[in-house]
Structure formats: C-alpha cells, structure tokens
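# Geometric and topological summary
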Amino acid sequence: MDSIVVTGGGELRGEIPIAGAKNACLALMPATLLSEEPLTLTNAPRLSDIKTMTTLLQSLGAEAASLQDGQVLAMSSHDLTSTRADYDIVRKMRASNLVLGPLIARHGHAEVSLPGGCAIGARPMDLHIFGLEKLGAEIDLRDGYLHAKAPNGLKGAEIPLTFASVGATENIVMAATLAKGTTVLTNAAREPEIVDLVQCLRAMGAQIEGEGTSRIEIQGVDRLHGATHAVVADRIELGTYMLAPAIAGGEVECLGGRLDLVGAFVEKLDAAGIAVEETARGLRVSRKNGRIRAVDVTTEPFPGFPTDLQAQMMAMLCTAEGTSELNETIFENRFMHAPELTRMGARIEVHGGKARVTGVNKLRGAPVMATDLRASVSLILAGLAAEGETVVSRVYHLDRGYEHVVRKLRGVGAQVERVKA
Ligand code: EPZ
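Computed from a prediction, not measured in an experiment: that's the story for all the values here. (Residues numbered from 1 in each chain as written. Predicted model: local features only at pLDDT ≥ 70, side-chain atom pairs only at ≥ 80, totals over all residues. Heavy atoms only, no water.)

### Some words on the sheet that holds strand 7 (residues 109-113)
Pairing between the strands of a sheet is mediated by backbone hydrogen bonds and can be parallel or antiparallel. Taken in spatial order, the four strands of this open sheet run 6-7-9-8, and their pairing is mixed. The open sheet is flanked by strand 6 (84-85) and strand 8 (138-142), the only strands paired with a single partner. Here five bridges tie strand 8 to strand 9 (residues 145-149), and the two strands are oriented antiparallel to one another. Looking at strand 9, one finds that Asp140 is bridged to His147. (Pairing = 2+ DSSP bridges. Helix = DSSP H or I, 4+ residues; strand = E, 2+ residues; numbered from the N terminus.)

Pasting the structure below:
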C-alpha cells in the first residue's frame, strides 16, 4: 500500500485546478439507466470511485466508456443483461445503491445489495426504501439484498423525508421521473450535487422543479432521451484545497471554484482569519494576518457546513489561537482523524459527536494512518505546516476522491511525494 510523505515547509503560492464533483458524478452516472439513448458526461473527475461505478454499470450490461483520459464518460443502457448490483461492488462503494431507483423505474425490478456499514457510520437505506415504496415499489430485504419490483410501473406520490438524505433524494427523484403522475418530495436534500443531477435529468426530458430547495416536484414522463452534461465543480475538493494556504500560509487560487458552492464554509474561514476573494477564474485564498483564530463548527445538510469538510477544518484548527468545538451531526463516527492528528501533537478531546480542539503553536510530523477518504486528506493538510516529515499510510482511501493530489499540491510549492509500497 502506497504512502504519501509530506515535509512541512514554507508558504504555498500558485493555482490548483478543481475537478468535477465525485458526488455529483456518482449520481449522474446511474441516470443513464433511465434512458435507452446515450448519456455523455464531461468534466468527469479521474477517481477510483468513478471506475467502480463504471464497472457496476458494465456489470448490468450498460455501455460505459471512459474517454479523454477519464474526463469524458460515454454511457448507454439500451439492453441491460442484469438488474443486480452485487455485494462485492456495493460494499466498496455505497453510492452503488443509486442504481436502485433508475432500475425500478425503467426496468421494473432490481436486486441491490445493502452496502453494510463503513468507517464513518452504519449508512442505512431506510429513507431510500420509504420513498421508493411510496412510489409503489415492493421492496423485500433477503440475504443482504434489497429485492425490488414494480411490475405495473411507479405512480407519483407525496414523499415527506424525515431527514434530508442526499442519496435518498437522488434515488427518489430519478425514479419519479418515469412514474405516472406527480411526485412531491419534501425535506429534500439541497446539495449542489442534487441541483446538478436535476439539471442533467431535465436535459434528458424530465419535468422537475424546485431543485436546491426542500421541495422538489416531479411530473412523470413516458421516457427520457439522451443528453450531454458537464459535471459541476467539486465543492469538497475546493474546500480542501482552500485550506492548504490557510494552514501553510501564502496565497492559492482554486481554478473553477465557485463561492455559491461553499458559502457556509467560507463564513467559517472568514471568522478564522482567512481571506477568500472571488476572481475571474475561481477563488483566491490567503491568510489575512497572523495566526488563525479558533472557530466553532457544526456540520449540517446543505447549505450548512458540510460534513465532508469537517476533518479538513479540524486540521486547520489544530494550530488556531484558542479552543474550537466541532459538532458532527451527520455521521456517528467521523472523528477517526482525531487520534492521528494527536500523534502529530494536536490537543483534541472527542466525546461522542463533539470534538474540542485546543490550538497548539505547531504540529510535529509523524507516521499516521488514513482511515477514510476525508480523514486521509486532513492528515496531508496537517503535514503541510508540521515540523518535519509526516508519512500518511493507506492512501488508497485518498484515490477514491482526490485526483492527482500530489501533483496539485506540488504545483503550489508543497513538499509532497507518493512513495510506492
Ligand atoms: C452523500 O452520502 C455523500 N456521498 C457523502 O460523501 C456525504 O457525506 C453525505 O451525502 C452527506 O452530505 C455521495 O454523494 C456519494 P445521506 P449519503 O444519505 O447519500 C443517514 C464523501 O466523503 N441516513 O445524506 O449516503 C446516514 O446514515 C462521502 O464523499 C439514514 O439514516 O448521505 C447519515 O447519518 C461520505 N437513512 C445521514 O443520513 C437513509 O436511508 C446522511 O446520509 C439514508 C441516510
């Protein structure tokens, strides 16, 4: 297993290009199952999760080709040979469960493995099942698989979600595009990835209104046609790289970054003493003056502070002046980066969903272990300003969500290298 070696050093200067959003692309790709015509995605990120989704679609008999060094995904699902998403794929990547809604809607049946838990939490699918059953699907859980069928098609319904689940919103919206009649989804997730998915579905002929709000209304249509869609910029990659100059000092321009994608996050950066400026090409980030100030953070569904940036924010707060309280409300076990940061000299007390970080002057490099995707990059960020060398092991987690992370950080002067195992 490869490691990434970070040597703490000077300020960072230059530009980092932001790729297409992993979590948008993983919802957009299953949309190809809704139509017999080709769906082409541009600005796709080059990530192992995208390869996993490509493999899953191919296992169903869909065509899914990665072109132009992975930046274009050409897909079509004219004739499927299977509607079964196997456990060995789904357990590796939970987002595989996003084939469930499209398969039921267009093919009338699906067998999708429950993903099982992952490092950050139990990851149940009760809200997905609730919404799809409201649309008329019959879903049984047997031998670890959801066996779903809708022999007479789906019917529009009122679906009040008890939690603004991103994945459940995506599965329900995709299924409802081909249901007979009107579906009204309330307490829907408002993430930019939902907005991006709806814009793609609309380009395919779907009739949907309200994306980005808590109420999404879908008028079912008989069929969807093909489309070409550009994947929205990745707000989590963006926020991650915005923290690099915040932690190491200097000034970095994140190309393709959009302020509307990271509103709540930028508010916290501003309070911590980090300057964010909109430019013609993206967002320029620098430290205003002197030391970072401690801030309190509570993760919430969009437009609140994103849970996927909590670990990275903690890395910055480890050397802030004062004590910060981080409250993780989305996942039940998302502080696994804390003990690793402690190995670097951070002062962090974790009690359930809360972490208290008392700033120290400087972290010290150390061997640390990546435990999940966002934790792994928070350790690299912490290493940028630590004294000495930080060796992050198990970086396969990183490859799931960050393309060319070493190249992008070296491009702004960071001393980072990947060491083959
Ligand atoms: C998406 O996961 C993202 N993944 C996650 O990003 C992100 O952290 C999460 O949304 C929250 O923003 C993708 O888009 C592929 P949820 P998802 O359904 O859809 C509970 C990353 O690092 N819940 O909004 O699985 C669930 O247990 C990943 O890129 C139920 O209880 O998130 C969790 O506590 C990590 N029942 C909370 O809701 C359900 O049926 C949020 O889950 C579904 C979810």
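### A few points about the packing of aromatic side chains
In the structure shown here, the tally under the stated rule is two aromatic pairs. Centroid distance Tyr241 to Tyr402: 6.5 Å. Interplanar angle 85°. Geometry classified as edge-to-face. Placement of Tyr241 in helix 8 (residues 235-248) and of Tyr402 in the loop between helix 13 (396-399) and helix 14 (405-410) is noted, with a sequence separation of 161 residues between them. One exposure class covers both Tyr241 and Tyr402, and it is buried. On the basis of an interplanar angle of 55° and a centroid distance of 5.9 Å, the ring pair of Phe265 and Phe305 is categorised as tilted. (Phe/Tyr/Trp six-rings, centres within 6.5 Å; stacked < 30°, edge-to-face > 60°. Buried < 20%, exposed > 50% of the residue type's maximum accessible area, 1.4 Å probe, protein only.)

### Topic: the site of the ligand
Around the ligand, the surrounding shell holds 22 residues, and the nearest of these are Arg94, Asp126, Ser165, Asp308 and Ile330. Between Asp126 and the ligand, the recorded distance is 2.7 Å, taken from a side-chain N or O atom to a nitrogen atom. Backbone polar atom of Val166 to an oxygen atom of the ligand: 2.9 Å apart, as the coordinates give it. Expressed as a share of its isolated accessible area of 820 Å², the protein-covered part of the ligand is 88%. For the shell around the ligand, the secondary-structure elements that each account for two or more residues are helix 1 (22-28), helix 5 (126-134), helix 6 (166-176) and helix 12 (373-384). Of the residues forming the shell around the ligand, the biggest block, three residues, is contributed by helix 5. Residue classes in the shell around the ligand are distributed as 10 nonpolar, five polar and seven charged. (Near = heavy atom within 4 Å. Polar contact = N/O pair within 3.5 Å; in protein donor to acceptor, adjacent residues only side chain to side chain. Areas by Shrake-Rupley, 256 points an atom, 1.4 Å probe, with all protein chains shown as cover. Nonpolar A, V, L, I, M, F, W, Y, C, P; charged D, E, K, R; others polar.)

### A word on helix 4 (residues 100-107)
Among the eight residues of helix 4, six are classified as buried, and the element is accordingly described as predominantly covered. Along helix 4, the residues that are buried comprise Leu100, Gly101, Pro102, Leu103, Ile104 and Ala105. Count one or two residues on from helix 4 and you reach Gly108, which has phi positive near 80°.

### Considering helix 9 (residues 263-272)
Listed as buried for helix 9 are Ala264, Phe265, Val266, Leu269 and Ala272. After helix 9 finishes, the residue Gly273 shows a positive phi value of roughly 95°.

### As for the state of the cysteines
Tallied over the full model, the rule gives zero disulfides. Sulfur of Cys25: no disulfide; nearest cysteine sulfur belongs to Cys200 and is 10 Å away. Residue classification places Cys25 among the buried residues on the basis of a relative accessible area of 0%. (Disulfide = S-S within 2.5 Å.)

### A short note on the packing of helix 8 against helix 12
Contact geometry of helix 8 with helix 12 gives a least axis separation of 8 Å together with a crossing angle of 20°. One way to sum up the angle between helix 8 and helix 12 is to call them roughly parallel. The two elements helix 8 and helix 12 meet at a crossing, and its hand is right-handed. Residues Ile236, Thr240, Leu243, Ala244, Ile247 and Ala248 of helix 8 form the contact with helix 12, whose participating residues are Arg374, Val377, Leu381 and Leu384. Within the contact of helix 8 with helix 12, the residues separate by chemical class into eight nonpolar, one polar and one charged. (Axes fitted to C-alpha atoms, helices over the stretch in contact; angles between N-to-C directions. Parallel < 35°, antiparallel > 145°, perpendicular 65-115°, else oblique. Left-handed = near helix turned anticlockwise from the far one by under 90°. Contact = heavy atoms within 4.5 Å.)

### Regarding the pattern of salt bridges
Within the structure shown, the criterion is met by 24 salt bridges. Among the salt bridges present, the one from Asp260 reaches Arg258, with a minimum N-O distance of 2.6 Å. Among the salt bridges present, the one from Arg284 reaches Glu277, with a minimum N-O distance of 3.1 Å. Taking the relative accessible area as the measure of exposure, Glu277 reaches 42% and is therefore partly exposed. Through salt bridges that share partners, Arg46, Asp69, Glu237, Glu403 and Lys408 make up one connected network. (Salt bridge = Lys/Arg side-chain N within 4 Å of Asp/Glu carboxyl O.)

### Brief notes about the sheet that holds strand 24 (residues 415-419)
Here four strands make up an open sheet; going across it, the order is 22-23-1-24 and the pairing mixed. The two strands at the open ends of the sheet, each matched to only one other strand, are strand 22 (367-369) and strand 24. Pairwise comparison of adjacent strand axes, ignoring direction, gives a mean angle of 20° for this sheet. Relative to strand 24, strand 1 (residues 3-7) runs antiparallel, the two sharing five bridges. When the sheet's bridge partners are listed, Val5 is paired in strand 24 with Glu417.

### Thoughts on unusual backbone geometry
The omega angle of the peptide bond from Phe302 to Pro303 is 15°, so this bond is cis rather than trans. Relative to the helices and strands, Pro303 resides in the loop between strand 18 (297-298) and helix 10 (310-317). Despite not being glycine, Gln68 shows a phi value in the positive range, around 50°. By secondary structure assignment, the location of Gln68 is in the loop between strand 4 (63-67) and strand 5 (72-76). Of the residues examined, Gln68 reaches a relative accessible area of 63% and is grouped as exposed. Phi is positive for Asp69, which is not a glycine, with a value near 55°.

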